[in-house]
Amino acid sequence: MTTQNENLSPNDSMQLINSMINQAKNNFSENGFLYLVWGWLIFTCSICHFIFLKLDLFKQPEIVWASCWLAVIFQIIYLSRQKKKEKVKTYSENIVNYIWISFGICMFIVVIIMSKTNNWPMMNSIILMLYGTPTFLSGIGMQFKPLVIGGIICWCLAILSVFIPPVYVLLLLAASVLAAWIVPGYLLSSKYKLQNKQ
Amino acid sequence: MEFKELDPILHSQLRLAVVSLLISVREAEFTFLKEKTNATAGNLSVQINKLKDAGYLDVTKQFNNNYPQTICKITKKGIEAFEGYVKALQTYMNPNGQS
């Protein structure tokens, strides 16, 4: 590209503006990695918790969820490294980041409220509802339909969860992360790889 | 219908490309702009400086893992100039003022 302007007609200028705006808009920086990490972690924890409860293997089967703290530490390290590699920051990414921060804060508050009120059976239903909100909003922000659908599925499962025995809600948790994070995570990953190949 | 004068700072292929890219993002690194515009580093650097001198861009130079990094961000004045440029372009493309 040159700096010449003698031959730059209004049509050329308009086409150049459109092409650059589209290039910036199509720059997809979400590789889906954290969706997959959290998706598979929650999926595994839910299934393990369900099996431990059903087979009565441990006194405190909920201990499996402690692994989430390791994932939090991993995520902080991963994100700080990714931030250094970022070549561009978009407005939508900024909003999506704050949506997930607010989700993390809400999850923390829910755990405090539930532990104080000792209302554990209800917790998984609320968590299902909470999973849906950032997933749905991220999908809207990134214009990525699988996340929007995943968010809606989480909300549907949250409603369903109050009609089934609490122990089976753990299976709904596994189903929700499969629909909301694992499947979209793989789709995001392939979209990202395809963009970087071009 | 009167043709509006096109801002000479923006009416250049590379400078217009840089501003069009930056209008859509919060901020971008020099390497991103170079990659998207296919310009040479020297030429791009000169044009970014011209935009910076006109007050259209904020340019921050910093170090990341011991490597120099140049981060560009469009200013409020830059956004207004870009909007004015697009409006002026429309008078050329649609001289009768029809939408």
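Residues numbered from 1 in each chain as written. Chains lettered and ligands numbered in written order. Predicted model: local features only at pLDDT ≥ 70, side-chain atom pairs only at ≥ 80, totals over all residues. Heavy atoms only, no water.

### Re the interface of chain A and chain B
A common measure of how large an interface is: the accessible area buried when the components associate. The cut-off we apply is this: Here, two residues are considered to be in contact whenever any of their heavy atoms come within 4.5 Å of each other. For any pair of parts, buried area is found by adding up, for both, the accessible area (1.4 Å probe) each one loses once the two are put together. By definition, a salt bridge exists where a carboxyl oxygen of Asp or Glu is found within 4 Å of a side-chain nitrogen of Lys or Arg. Between N or O atoms, a polar contact is any pair within 3.5 Å; within protein, one atom must be a potential hydrogen donor and the other a potential acceptor, and residues adjacent in sequence are included only when both atoms are from side chains. The numbering of helices and of strands both runs from the N terminus, where a helix is a DSSP run of H or I of at least 4 residues and a strand a run of E of at least 2. Residues are sorted three ways: Asp, Glu, Lys and Arg are charged, Ala, Val, Leu, Ile, Met, Phe, Trp, Tyr, Cys and Pro are nonpolar, and all the rest, Gly among them, are polar. Strands are labelled as partners when DSSP assigns at least two bridges between them.
Taken together, the 25 residues of chain A in the interface contact 34 residues of chain B. A buried area of about 2900 Å², summed over both sides, lies between chain A and chain B, and 61% of it is on carbon and sulfur atoms. Linking chain A with chain B are 2 salt bridges, by the criterion used here. Among the salt bridges present, the one from Glu35 of chain B reaches Lys87 of chain A, with a minimum N-O distance of 3.0 Å. Seen at the junction of chain A and chain B, the total is 6 residue pairs in polar contact (both at pLDDT 80 or more). Secondary structure elements with two or more residues in the side of chain A that touches chain B: helix H1 (10–25), strand S1 (88–89) and helix H4 (91–117) of chain A. Among the elements that take part in the side of chain A that touches chain B, H1 of chain A stands out by supplying 10 residues, more than any other. Within the side of chain A that touches chain B, the residues separate by chemical class into 11 nonpolar, 10 polar and 4 charged. Pairing of S1 of chain A with strand S1 (residues 27–29) of chain B, which is carried by 2 bridges, proceeds in the antiparallel orientation. Across the sheet, Lys89 of chain A pairs through a bridge with Glu27 of chain B, a residue of S1 of chain B.

### Points about the pattern of salt bridges
How we decide: Partly exposed residues are those whose accessible area sits between 20% and 50% of the maximum for their type, while under 20% is buried and over 50% is exposed, using a 1.4 Å probe and protein chains only.
As enumerated under the stated definition, the model contains 2 salt bridges over all chains in all. Note that Lys89 of chain A is salt-bridged to Glu27 of chain B, the shortest N-O span being 3.3 Å. A residue pair is termed interchain when its members come from two chains, as with Lys89 of chain A in strand S1 and Glu27 of chain B in strand S1. With a relative accessible area of 22%, Lys89 of chain A lands in the partly exposed category. Here Glu27 of chain B falls in the buried class, since its relative accessible area comes to 17%.

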